[in-house]
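The primary structure of each chain is shown beneath.
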Amino acid sequence: MFRAFFIFLSKAYWAQKLIMNWKFAWRVASRFIAGINIVDVIKVVKNLNDQGLNVTVDHLGENALTVEDTLAATKEVIDLLEAINSHDVHANVSIKLTQFGLNIDKELCKNNLQNIFEQAKNMENFIRIDMEDSSITQETLDLVYWFKTTYPGIGTVIQSYLYRSEKDVMNLTNECIPIRMVKGAYKEPALVAFPKKKDVDDNFDLLTKICLDKISYCDYPEISENGRFPPIIAIASHDESRIENAIHYANTKELSKRTYEIQMLYGIRRDLQKKYSEQGYPVRVYVPYGTHWYPYFMRRLAERPANVWFFFSNLFRK
Ligand SMILES: Cc1cc2nc3c(=O)[nH]c(=O)nc-3n(C[C@H](O)[C@H](O)[C@H](O)COP(=O)(O)OP(=O)(O)OC[C@H]3O[C@@H](n4cnc5c(N)ncnc54)[C@H](O)[C@@H]3O)c2cc1C
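Residues numbered from 1 in each chain as written. Predicted model: local features only at pLDDT ≥ 70, side-chain atom pairs only at ≥ 80, totals over all residues. Heavy atoms only, no water.

*Asks:* Go over the sheet that holds strand S2 (residues 91–95), please, and point to the residues and values.
*Replies:* The parallel closed barrel is built from eight strands, whose spatial order is S1-S2-S3-S4-S5-S6-S7-S8. Strand-to-strand, the axes of this sheet are offset by a mean angle of 30°, without reference to chain direction. Where strand S7 (residues 260–265) meets strand S8 (residues 283–289), four bridges bridge the pair, whose relative direction is parallel. Bridging across to S8, Gln 263 finds its partner in Arg 284. (Pairing = 2+ DSSP bridges. Helix = DSSP H or I, 4+ residues; strand = E, 2+ residues; numbered from the N terminus. Axes fitted to C-alpha atoms, helices over the stretch in contact; angles between N-to-C directions.)

Take a look at the structure:
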């Protein structure tokens, strides 16, 4: 109920206008968001790298409404890849396809992606295609398979709340396409997704095991020295039990720590990020930046009632 309400708000234009106009909202949101431009985000990336953490950078934005917006978003990612390269930081890039026109025109989206992948190839970097709601899961995966044939530095995301995910994991790992395993951040009907948290958690463990099993089939690819190219599986969760179960299973298979990575969101469970990094596991922090922070921020509030309390307590602070 609580989660559904905040996910509803994340899509409500009136709420976006209202909340983005409150100055204090940014103060709270900035706990999860690295700033508004490339200069801001590179500063944060350098700082995380200094702590031994790798990064994936996300220029915030989704559901673009105009062709011009998709072109501007494409240019931003091209500039971002250039900045990552020139600053020589340990970071790759995550993108959402609706920011590049998937909901407007598939060909437009493909052309925008083509330009991004050409730049990624020139800059020797990796692009992760984030997963959005289930109405575009298949289209997203189709584009991943299509680009994989010309550009190997591509990966995507699997959401353990979807019933279809086991089949998708099998297909993606057969092609050795890197997967980020997440629980899923959108409101989905019981027709397509497990309604109970326990089932989502159990499926997360199961799908992670399948990915860990496939590491040998893919010839044990390790994270690259510069932290840009990830291994086959990223365990992306702040849920310690999910991470511990994955590590336990990887140990039974005697997998090296560099054949999988742990991912967490910027500003969440920094203690865990530090702990696993100090234990020698590659940890990657997902760092978003940009002016379109509203839906991302609402999804983070939806995940944890304590965040809403934090939000409102800041409202009354000077
Ligand atoms: C690197 C990364 C990339 C992601 N990419 C995608 C994507 O492409 N598509 C998608 O649908 N979802 C994505 N997600 C979000 C994911 O689906 C979950 O919604 C989110 O990670 C919360 O689930 P959890 O696994 O952390 O477990 P939960 O059971 O939700 O949380 C476990 C514990 O983590 C802490 N925690 C979790 N969320 C928060 C929060 N917002 N604030 C403070 N503490 C928190 C709390 O201590 C909580 O008890 C991504 C998550 C990560 C970490």
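*Asks:* Give a detailed account of the pattern of salt bridges, specifying residues and quantitative values.
*Replies:* Side-chain pairs of opposite charge can arise whenever the charged atoms involved come near each other. Across all of its chains, the model carries 20 salt bridges by this definition. With a shortest N-O distance of 3.4 Å, Asp 201 and Lys 197 are connected by a salt bridge. Of this pair, Asp 201 and Lys 197 are both found in helix H9 (residues 197–217), four residues apart, which corresponds to roughly one turn of the helix. With a relative accessible area of 10%, Asp 201 lands in the buried category. In this structure, the salt-bridge partner of Glu 244 is Lys 275, at a minimum N-O distance of 4.0 Å. With a gap of 31 residues between them, Glu 244 in helix H10 (residues 240–252) and Lys 275 in helix H11 (residues 270–278) connect regions that are remote in the sequence. With relative accessibility at 35%, the residue Glu 244 sits in the partly exposed group. (Salt bridge = Lys/Arg side-chain N within 4 Å of Asp/Glu carboxyl O. Buried < 20%, exposed > 50% of the residue type's maximum accessible area, 1.4 Å probe, protein only.)

*Asks:* Residue-level account of the packing of helix H8 (residues 165–174) against H9, with values.
*Replies:* At a minimum axis distance of 10 Å, the contact between H8 and H9 shows a crossing angle of 15°. Classed by the angle they form, the pair H8 and H9 counts as roughly parallel. The interaxial crossing formed by H8 with H9 has right-handed handedness. Between H8, through Ser 165, Glu 166, Val 169, Met 170, Thr 173 and Asn 174, and H9, the contact on the second element is made entirely by Leu 206, Leu 207, Ile 210, Cys 211, Lys 214 and Tyr 217. Among the residues forming the contact of H8 with H9, the class breakdown is seven nonpolar, three polar and two charged. (Parallel < 35°, antiparallel > 145°, perpendicular 65-115°, else oblique. Left-handed = near helix turned anticlockwise from the far one by under 90°. Contact = heavy atoms within 4.5 Å. Nonpolar A, V, L, I, M, F, W, Y, C, P; charged D, E, K, R; others polar.)

Interpretation note: all reported values are geometric properties and have no functional meaning in isolation.
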